[in-house]
Amino acid sequence: MIPYGKQDINQDDIRDVVDVLNSDFLTQGPKVPLFESKVSKYVSAKYAIALNSATSALHVACLALGLKDGDFLWTSPNTFVASANCGLYCGAKIDFVDIDPISLNLCPRRLEEKLIKAEASNTLPKIVIPVHFSGQPCDMKSIFELSQKYGFKIIEDASHAIGGTYLNNPIGSGQYSHITVFSFHPVKIITTAEGGMAVTNSKSLALKMNLFRSHGVTRDESLMKNNSHGPWYYQQIELGYNYRMTELQAALGISQMGRLDNFIERRNSLADRYDSLLEHMPLLTPIQNNDGLSARHLYVVRLKLSEITKSKRYIFQYLRKNGIGVNVHYIPVHTQPYYLEMGFKYGDFKEAEKYYEEAISLPLYPNLNEHEQDKVIKLLNKVLCE
Ligand SMILES: *Cc1c(COP(=O)(O)O)cnc(C)c1O
């Protein structure tokens, strides 16, 4: 099976992980801070906090920004459920802003319309989470301008987007947001098996995320509520979690960072090759904005169903049966049973729903070779055009 996404692990990665196993620290050693500094330098952010997943990173980001019971958090319906669940963890209410049908990202115009209504009913969001879907940067400048006007905070869910740029700056540099979150799940751009990172330019947000990552416990006397009892002393000053990344994961992450630029280049060249070889087929290839560089996490085509005699289900099953591990990103979050039970309905976010009817993610990862890509294209041509 040619999967839709796959990690790239080489001998250096393996050696570096084994070295950690032979070292003194499996957790809370030198590798995690080193990985953090590599990522923060790469993305031009002042601070980086490594976590055991992007889901944990989104949670501590919401906590650090003070999201509480009764607050509102808005995100895109075209995302993985974690982008919304992080708000629920904090007791907040979730709402969505429909996508722009071209970029497939949260639509700034719809955001503005929704903000105007929310202002009138006193239900403005505390946090908005734009998601750089497939690696394509959101229109952050417009979203940031709205945040200035309406007073919300921004967390960029850049789970798909490390290595990309927006307006000539790395994604994560934080010109237009408070915190940016990356995922290192094996299908993402670089991997630590499980893992994530939150980056920010704010010292106080970094300190808070650091606390929430590790039980709300500090050994920093300047943060303590009363005098230290002695050198053994630590103090719990918040209710935190154990969301720490291990040394094994950080060593893998450091090694992977060395190949990040190659991964992005390879993903872009394969995506460009898809673009040209799929041109004549009854489908839409992904449209790239010219305001940045996409990390190209996903290659999603949209079937022109009115020009095709077969259903999406048939096409999907045909490709799977023939060894192509296609997938679908994403089932609109508001249509998940858990969210329907909260009161969301089919029809609430029509662009995301229409997109979902047509979308199929084709295999795209650095080790995919042209021969395998040709097989994908040949089968797609067969099922769509014959
Ligand atoms: C993968 C992903 C997450 C969650 O990442 P984990 O590291 O698996 O917790 C969150 N948001 C988006 C958009 C993702 O693709």
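Predicted model, so just to flag it, every value in this text is computed and none were measured. Residues take numbers from 1 onward in each chain, read along the sequence in its written order. Side-chain atom pairs in this predicted model are given and counted only at pLDDT of 80 or more, local residue features only at pLDDT of at least 70, and totals for whole chains, interfaces and linings cover all residues. Based on all heavy atoms of the structure, the side-chain values leave hydrogens and waters out of the count.

A.B. asks: Lay out the overall build of the chain with the relevant residues and their values.
C.D. replies: Along the chain, the regular secondary structure elements total 13 helices and 17 strands. Computed over C-alpha atoms, the radius of gyration of the chain comes to 22 Å, within 12% of the 21 Å expected from 2.2 N^0.38 for 386 residues, which places it in the range of a compact globule. In terms of overall dimensions, the chain has a C-alpha envelope of 80 × 60 × 40 Å along the principal axes. For each residue, the accessible area found with a 1.4 Å probe, counting protein chains only, is set against the maximum for its type, and the residue is called buried under 20%, exposed over 50%, and partly exposed in between. The burial tally for the chain puts 53% of its 386 residues in the buried class. We call two residues in contact whenever any of their non-hydrogen atoms come within 4.5 Å of each other. Partitioning the intrachain contacts of the chain with sequence separation of at least 6 by distance along the chain shows that 72% fall at a separation of at least 24. Roughly 17200 Å² of accessible area belongs to the chain as shown, and the carbon and sulfur atoms make up 51% of that amount. Helix and strand definitions here come from DSSP, where helices need a minimum of 4 consecutive H or I residues and strands a minimum of 2 consecutive E residues; each element is numbered from the N-terminal end. A radius of gyration in this sense is built from C-alpha atoms; the matching globule rule multiplies 2.2 Å by the number of residues raised to 0.38. Computed with a 1.4 Å probe, the accessible areas rest on the Shrake-Rupley method; for each residue, only the protein chains presented here act as cover.

A.B. asks: Please give an account of the sheet that holds strand 14 (residues 292-293) that cites residues and values.
C.D. replies: Any two strands with at least two DSSP-identified bridges between them are counted as paired. One open sheet accounts for 3 strands, arranged 8-7-14; its pairing is antiparallel. Either end of the sheet is taken by a strand with one partner, and the two such strands are strand 8 (169-170) and strand 14. By the bridge criterion, 2 bridges tie strand 7 (residues 165-166) to strand 8 in an arrangement that is antiparallel. Across the sheet, Tyr 166 pairs through a bridge with Asn 169, a residue of strand 8.

A.B. asks: Tell me what's going on with the pattern of salt bridges, and back it up with residues and numbers.
C.D. replies: Here, a salt bridge means any side-chain nitrogen of Lys or Arg that lies within 4 Å of a carboxyl oxygen of Asp or Glu. Counted according to the given criterion, the structure contains 16 salt bridges. Between Arg 213 and Glu 36 there is a salt bridge; the shortest N-O distance is 2.8 Å. Of this pair, Arg 213 sits in helix 7 (residues 203-213) while Glu 36 sits in helix 2 (residues 31-43), placing them 177 residues apart in sequence. Accessibility expressed as a relative area gives 11% for Arg 213, which makes it buried. A salt bridge links Glu 358 to Arg 302, with the shortest nitrogen-to-oxygen separation between them at 2.9 Å.

A.B. asks: I'd like to hear about the side chain of His 59, residue by residue, with values.
C.D. replies: With respect to the helices and strands, the residue His 59 is situated in helix 3 (residues 54-64). One polar contact links His 59 to Tyr 243, side chain to side chain, over a distance of 2.8 Å. Contact partners of His 59, with chain neighbours within four places excluded, come to Cys 86, Tyr 89, Cys 90, Tyr 241 and Tyr 243. Polar contacts, as counted here, are pairs of nitrogen or oxygen atoms within 3.5 Å of one another; within protein the pair requires one atom able to donate a hydrogen and one able to accept it, and residues that are adjacent in sequence qualify only if both atoms are side-chain atoms.

A.B. asks: Quick one: what's the story with the layout of surface pockets, residue by residue and with numbers?
C.D. replies: If a probe as big as a water molecule is rolled over the atoms, it shows which places are left empty. As a volume, the largest pocket reaches approximately 510 Å³. Buriedness for pockets is judged along seven lines, at least five of which must meet protein on both sides within 12 Å for an open set on the 1 Å grid over protein atoms alone, while cavities are sets there where a 1.4 Å probe fits but cannot get out, and lining residues have an atom within 4 Å of a point. In this structure, the largest pocket is lined by 20 residues; those nearest its centre are Gln 28, Asn 210, Arg 213, Ser 214 and Val 217. For the lining of the largest pocket, the elements supplying multiple residues, two or more each, are helix 2, helix 7 and strand 11 (217-218). It is helix 7 that contributes the most residues to the lining of the largest pocket, 4 residues altogether. Gly is put with the polar residues, along with every residue not named as nonpolar or charged; the nonpolar set is Ala, Val, Leu, Ile, Met, Phe, Trp, Tyr, Cys and Pro, and the charged set is Asp, Glu, Lys and Arg. Classifying every residue of the lining of the largest pocket by side-chain character gives 9 nonpolar, 6 polar and 5 charged. Taken as a whole, the second largest pocket spans an internal volume of roughly 350 Å³. Looking at the second largest pocket, it is lined by 21 residues, and the ones nearest its centre are Phe 80, Ser 183, His 185, Lys 188 and Tyr 330. Of all the elements in the fold, those that place two or more residues in the lining of the second largest pocket are helix 3 and helix 4 (82-89). When residues of the lining of the second largest pocket are assigned to their parent elements, the largest contribution, 3 residues, is made by helix 3. Here the residues of the lining of the second largest pocket are counted per class, giving 8 nonpolar, 10 polar and 3 charged. Grid points are joined across faces, edges and corners, and a volume is the space filled by probe spheres set on the points.

A.B. asks: Explain helix 2 to me, using residue names and the numbers behind them.
C.D. replies: Each helix should span, by expectation, one fewer than its residue count multiplied by 1.5 Å. End to end, helix 2 covers 18 Å across 13 residues, agreeing with the expected 18 Å (1.5 Å per residue, within 8%). Those residues of helix 2 hidden inside the fold are in contact with strand 2 (47-51), strand 8, strand 9 (179-183), strand 10 (196-200), helix 7 and helix 8 (247-257). Phi for Ser 44, located one or two positions after helix 2, is positive at around 60°.

A.B. asks: Now, about the packing of aromatic side chains: what can you tell me, with residues and values included?
C.D. replies: Centres within 6.5 Å are what make two rings of Phe, Tyr or Trp a pair, Trp counting through its six-membered ring; a difference in plane orientation under 30 degrees is then read as stacked, over 60 as edge-to-face, and the rest as tilted. As enumerated under the stated definition, the model contains 14 aromatic pairs in all. Geometrically, the ring pair formed by Phe 96 and Phe 344 is edge-to-face, given 5.2 Å between the ring centres and 65° between the ring planes. In this pair, Phe 96 sits in strand 4 (residues 93-96) while Phe 344 sits in the loop between helix 11 (337-340) and helix 12 (350-358), placing the two residues 248 residues apart along the sequence. When the centroid spacing of 6.5 Å and the interplanar angle of 20° are considered together, the rings of Tyr 314 and Tyr 318 count as stacked. With Tyr 314 and Tyr 318 both in helix 10 (residues 312-321) and 4 residues apart, this pair spans about one turn of that helix. Among the residues examined, Tyr 314 registers a relative accessible area of 41% and is labelled partly exposed. Of the aromatic side chains, those joined through ring pairs into one cluster are Phe 96, Tyr 338, Tyr 339, Phe 344 and Phe 349. Charges are assigned to positions over rings by a cutoff of 6 Å between ring centre and Lys NZ or Arg CZ, combined with an angular limit of 35 degrees from the ring normal. Seen from the ring of Tyr 356, Lys 312 lies directly overhead, with NZ or CZ sitting 5.0 Å from the centre.

A.B. asks: Could you give an account of the sheet that holds strand 17 (residues 359-362), naming the residues involved and the relevant values?
C.D. replies: Across the sheet, which stays open at both edges, the 3 strands sit in the order 13-15-17 with antiparallel pairing between neighbours. Edge positions in the sheet fall to strand 13 (283-284) and strand 17, since each of these pairs with one other strand and no more. In this structure, strand 13 lies alongside strand 15 (residues 299-303), joined through 2 bridges in antiparallel fashion. The residue bridging Leu 283 from the neighbouring strand is Leu 303, located in strand 15.

A.B. asks: A description of the pairing of strand 3 (residues 72-75) should follow, citing residues and the corresponding values.
C.D. replies: Because side chains alternate across strand 3, one face comprises the buried residues Phe 72 and Trp 74, and the other comprises Leu 73 and Thr 75, equally buried. Taken together, the 4 bridges between strand 3 and strand 4 define a ladder with parallel strand orientation. Its bridge partner lying in strand 4, Trp 74 is registered against Asp 95. By convention, orient the strands away from the viewer: a clockwise path from the first strand over the helix to the second makes the crossover right-handed. A crossover links strand 3 with its parallel partner strand 4, the connecting element being helix 4, and its sense is right-handed. Across 3 bridges, strand 3 lies against strand 5 (residues 127-129) in parallel orientation. Of the residues in strand 5, the one forming a bridge with Thr 75 is Ile 129.

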